[in-house]
Amino acid sequence: MGRTLTEKILARAAGKDAVAPGEIVTATVDLAMFHDSSGPRRVAPRLKELGARVWDPSKVVVVSDHYVPAVDPESAAILKLTRDWVREQGIGAFYDMQGICHVMLAEGGHLRPGLFCVGGDSHSTMAGAYGCYMAGFGATEMTGVMVTGDIWTRVPATIRVDWNGAFADGVVAKDVMLHLCRTLGMDNAFKAIEYGGDTVRAMSMSERGVLTNMAAELGAESAIIEPDDKTLAAIRAAGVAIDDEEALRWRSDPDATYEAVHRFNAADLVPQVARPHSPENSGPVAEANSARIDQAYIGACVGAKLTDLQMAARVLKGRKVAKDVRLLIAPSSRATTEAAAKDGTLAILTEAGAIVMPSGCGACAGMGAGVLAAGEVCISSTNRNFKGRMGHKDAEVYLGSPYTVAASAIEGRIADPRSYLQ
Amino acid sequence: MISGRAWKFGDGIDTDVLAPGHYMKLPLEEAATHCLEAIAPNFAKEVRPGDVVVGGASFGIGSSREQAAQALKQLGVGAVLATSFARIFYRNALNLGLPALFFPQANEIRDGDAIEVDPVAGIVRSNGREFRVEPIPAHLMVMIEDGGLMPHLKKKLARA
Ligand code: SF4
């Protein structure tokens, strides 16, 4: 019987020939990631209570991204605790203010097809763009992983989502995900989403990461894309040697059983905007009724990679951010900032009036700089717009692609980016 | 074998109904006395050890608060059966030592029915009928019987 890629990875990690959806297995963890907010400050006291140490420091990646740079003594203390614990446990893979955790896993060359990975963060699904399994877990379970190196899980059924055809200019992966939040809903618990089709194969690794990242908004356990030459090239670019044949054998069988198969035509999609206060409140940009904005935000693991900054620059080149609007840009990693400085992207953005901020989660989860006051309206390239996530509970956040955020910054109201791309 | 009275609920029993946010500051024993009170005012008073909660779709949807599962366990609930669970509630329940089983035939059970559950064999019995469900593997039942993940880890480390 045919198996999906997710089932094959879980079978391998559980030491079984095959597994079926619904089955509960205990899987050996190849990689465990957590960050300053979910990690040491929550896990260290539990490990102490157990009198245990990290089972294998070489399999752990720690990233300080939520509280960077420190804005008060409390956040500074969390960052210090994280540094001290990483040193004490002998963990080598530690990224301190280098970028956002999900982006650092890719940049640092930690991901490759077939791995079974766990993360102390809900958007851990993003790693699946590299053909591996990764899901998010709470602090107690991550403590368990730190002690034993394994975790139990219920094998998810796989939903296949195929996109075929070419996008119109100005339509990108972010629009796909906002559209899927509405059409597939946000209640896909215990499901793995597998993306495919020629549209997905044509996407850059960075755009594929948007699809897997926002599978978290679909409520999915994990998301995955079968590896191809782009996957291998990205892994090599991160400085990791990889055996092509071994990596490319991680694919779903042609006769694999999917719980559902959804097919979409890329040419039909127009830029999407999610209205407050949920990603599933999405629709064509015109339906956002040109709402007036106070802030435009380009940030987060999902929406501030180099390609995202380049999208914004394409719209903003030679133009200005509207008076009374602030455009904040928090690149997803230090390397992104460096690359954007080198290729001229940053200069275009700052000339247009953008404020460039440190790399980190920033305002995305309301912990860092750039949060909103009551009554303020923001359009953001991040992934969630739940009430109160980006600051005051009475602020309103719209979600859109970097193109749409940039066009809106120019007009001071939610705007269709397509007219800026001709 | 778990056996007791079935407490039947519908779809979408959320974490606020199971563990009202309002009482989260109280110790667990007190918070648990308010479990499900919004929809079943007598539940906390009348539930007996071994009773089984039977729900519909998306049981435990909402926040990640562990108290939602802890409150049921504190009250002596032996198992939760539901047509489907929210992922975090489901994981919390098992990790806190409360068996949770997917039970597609939940609609066959009425409130107040006598019910028996064998989580390892994957059998539910009620009204003279027997239903097959996806079992909890023995290796996970060891953790559940130890009282959950943390007590289980403690025991494991003490042995090592
Ligand atoms: S950028 Fe936002 S979504 Fe991404 S890890 Fe940070 S807080 Fe989470």
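Residues numbered from 1 in each chain as written. Chains lettered and ligands numbered in written order. Predicted model: local features only at pLDDT ≥ 70, side-chain atom pairs only at ≥ 80, totals over all residues. Heavy atoms only, no water.

Q: I'd love a proper account of the packing of helix α6 (residues 173–183) of chain A against helix α8 (residues 205–213) of chain A, names of residues and values included.
A: Residue and element names in this part refer to chain A. Close contact between α6 and α8 brings their axes to 8 Å; oriented N to C, the two are set at 15°. Taken together, the axis directions place α6 and α8 in an arrangement best described as roughly parallel. Seen along the crossing, α6 lies across α8 with a hand that is right-handed. Touching A173, K174, V176 and M177 of α6 are E207, V210 and L211, all from α8. (Axes fitted to C-alpha atoms, helices over the stretch in contact; angles between N-to-C directions. Helix = DSSP H or I, 4+ residues; strand = E, 2+ residues; numbered from the N terminus. Parallel < 35°, antiparallel > 145°, perpendicular 65-115°, else oblique. Left-handed = near helix turned anticlockwise from the far one by under 90°. Contact = heavy atoms within 4.5 Å.)

Q: With reference to specific residues and values, describe the environment of I348(A).
A: Inspection of the secondary structure assignment puts I348(A) in helix α14 (residues 345–351). For the pair I348(A) and H123(A), spaced 225 residues apart in the sequence, the C-alpha separation amounts to 30 Å.

Q: Before we move on, can you summarise the domain arrangement of chain A with the specific residues and values?
A: All names here are of chain A. Segmenting chain A into domains produces domain 1 (5–265) and domain 2 (273–420). The C-alpha centroid of domain 2 is placed 25 Å from the C-alpha centroid of domain 1. Contact residues are listed per partner, giving 35 residues for domain 1 and 37 residues for domain 2. The contact between domain 1 and domain 2 buries some 2,900 Å² in all, and 61% of this surface belongs to carbon and sulfur atoms. Among the residues of domain 1 in contact with domain 2, I100, K174 and L178 are the three that bury the most area, contributing 19% of the side total. Remark: the boundary between domain 1 and domain 2 carries two salt bridges. At the junction of domain 1 with domain 2, the criterion picks out 16 residue pairs in polar contact (both at pLDDT 80 or more). Counting only elements with at least two residues in the side of domain 1 that touches domain 2, the list comes to α4 (101–107), α6 and α8. Looking at the side of domain 1 that touches domain 2 element by element, the count peaks at six residues for α6. (Domains from an automatic or database assignment. Buried area = accessible area lost by both parts, 1.4 Å probe. Salt bridge = Lys/Arg side-chain N within 4 Å of Asp/Glu carboxyl O. Polar contact = N/O pair within 3.5 Å; in protein donor to acceptor, adjacent residues only side chain to side chain.)

Q: Quick rundown of the interface of chain B and chain A? Include the residues and the values.
A: Across the contact, 23 residues belong to chain B and 25 residues belong to chain A. Across the interface of chain B and chain A, roughly 2,100 Å² is buried in total on both sides, 64% from carbon and sulfur atoms. Among the residues chain B hides against chain A, the three largest losses belong to R87(B), R91(B) and M150(B). Together they make up 34% of the total. Run the count over chain B and chain A and you get three salt bridges.

Q: Summarise the UniProt feature "domain: Aconitase A/isopropylmalate dehydratase small subunit swivel" (unreviewed entry) in chain B; cite the residues concerned and give the values.
A: According to UniProt, the feature "domain: Aconitase A/isopropylmalate dehydratase small subunit swivel" (unreviewed entry) maps to residues 52–105 of chain B in the numbering used here. Between the C-alpha atoms that bound residues 52–105 of chain B the distance is 14 Å, and the span itself is 31% helix and 20% strand. (UniProt positions renumbered as here; feature names shortened; annotations may be inferred.)

Q: Just give me the short version of the site of the ligand, but keep the residues and values in it.
A: Residues and elements named next belong to chain A. If you check the shell around the ligand, you find H66, I100, H102, H123, A300, C301, C361, C364, A365, N383 and R389 and nothing else. When its residues are assigned to classes, the shell around the ligand shows six nonpolar, four polar and one charged. Per-domain counts for the shell around the ligand show at least three residues from each of domain 1 (5–265) and domain 2 (273–420). (Near = heavy atom within 4 Å. Nonpolar A, V, L, I, M, F, W, Y, C, P; charged D, E, K, R; others polar.)

Q: If you had to explain the pairing of strand β10 (residues 222–225) of chain A to someone new, which residues and values would you point to?
A: Residue and element names in this part refer to chain A. Burial along β10 is two-sided: S222 and I224 facing one way and A223 and I225 facing the other are all buried. Judged from the four bridges that link them, strand β9 (residues 191–196) and β10 form a sheet pairing that is parallel. Residue Y195 lies in a different strand from β10, and its bridge partner there is I225. (Buried < 20%, exposed > 50% of the residue type's maximum accessible area, 1.4 Å probe, protein only. Pairing = 2+ DSSP bridges.)

Q: Would you mind going over the sheet that holds β9(A) in detail, with residue names and values included?
A: Residues and elements named next belong to chain A. Read from one edge to the other, the open sheet built from four strands follows the order β10-β9-β8-β11, with strand pairing classed as parallel. Edge strands, defined here as strands with exactly one partner in the open sheet, are β10 and β11 (260–265). With strand direction ignored, the average angle separating the axes of adjacent strands in the sheet is 20°. Both strand β8 (residues 157–164) and β9 contribute to a ladder of six bridges, which runs parallel. Bridge pairing links A157 to K191 in β9. Each of β8, β9 and β10 is contacted by helix α1 (residues 5–14), which is oriented at about 110° to β10, the strand it contacts most. Along the sheet, α6 makes contact with β8, β9 and β11, crossing β8 at roughly 130°.

Q: Any details on the nonpolar core? Residues and values, ideally.
A: In terms of nonpolar packing, the biggest core is built from 95 residues, with F116(A), F43(B), F59(B), L72(B), F85(B) and F89(B) touching the most fellow members. Setting aside residues up to four positions removed in sequence, L72(B) forms contacts with L18(B), C35(B), L36(B), F43(B), V53(B), F59(B), V77(B), V80(B), F89(B) and L98(B). (Core = buried A, V, L, I, M, F, W, Y, C linked by side-chain atoms within 4.5 Å.)

Q: A description of the pattern of salt bridges should follow, citing residues and the corresponding values.
A: Where side chains of opposite charge bring their charged atoms close, a pairing between them can arise. The full count for this structure, using the stated rule, is 37 salt bridges over all chains. For R110(B), the salt bridge identified is with D113(B), shortest N-O distance 3.4 Å. We classify D113(B) as buried; its relative accessible area is 8%. Each of R160(A), D162(A), E194(A), E226(A) and R251(A) takes part in salt bridges that share partners, so that together they form one network.

Q: Lay out the sheet that holds strand β2 (residues 31–35) of chain A with the relevant residues and their values.
A: Residues and elements named next belong to chain A. Reading across the sheet, the five strands line up as β4-β3-β2-β5-β6 and stay open at both edges, with parallel pairing between neighbours. Taken across any chain shown, the strands that pair with only one partner, and hence form the sheet edges, are β4 (93–96) and β6 (133–136). Taking each pair of neighbouring strands and ignoring which way they run, the sheet shows an average axis angle of 15°. Here four bridges tie strand β5 (residues 116–119) to β6, and the two strands are oriented parallel to one another. Counted as the bridge partner of G119 is G136 from β6.

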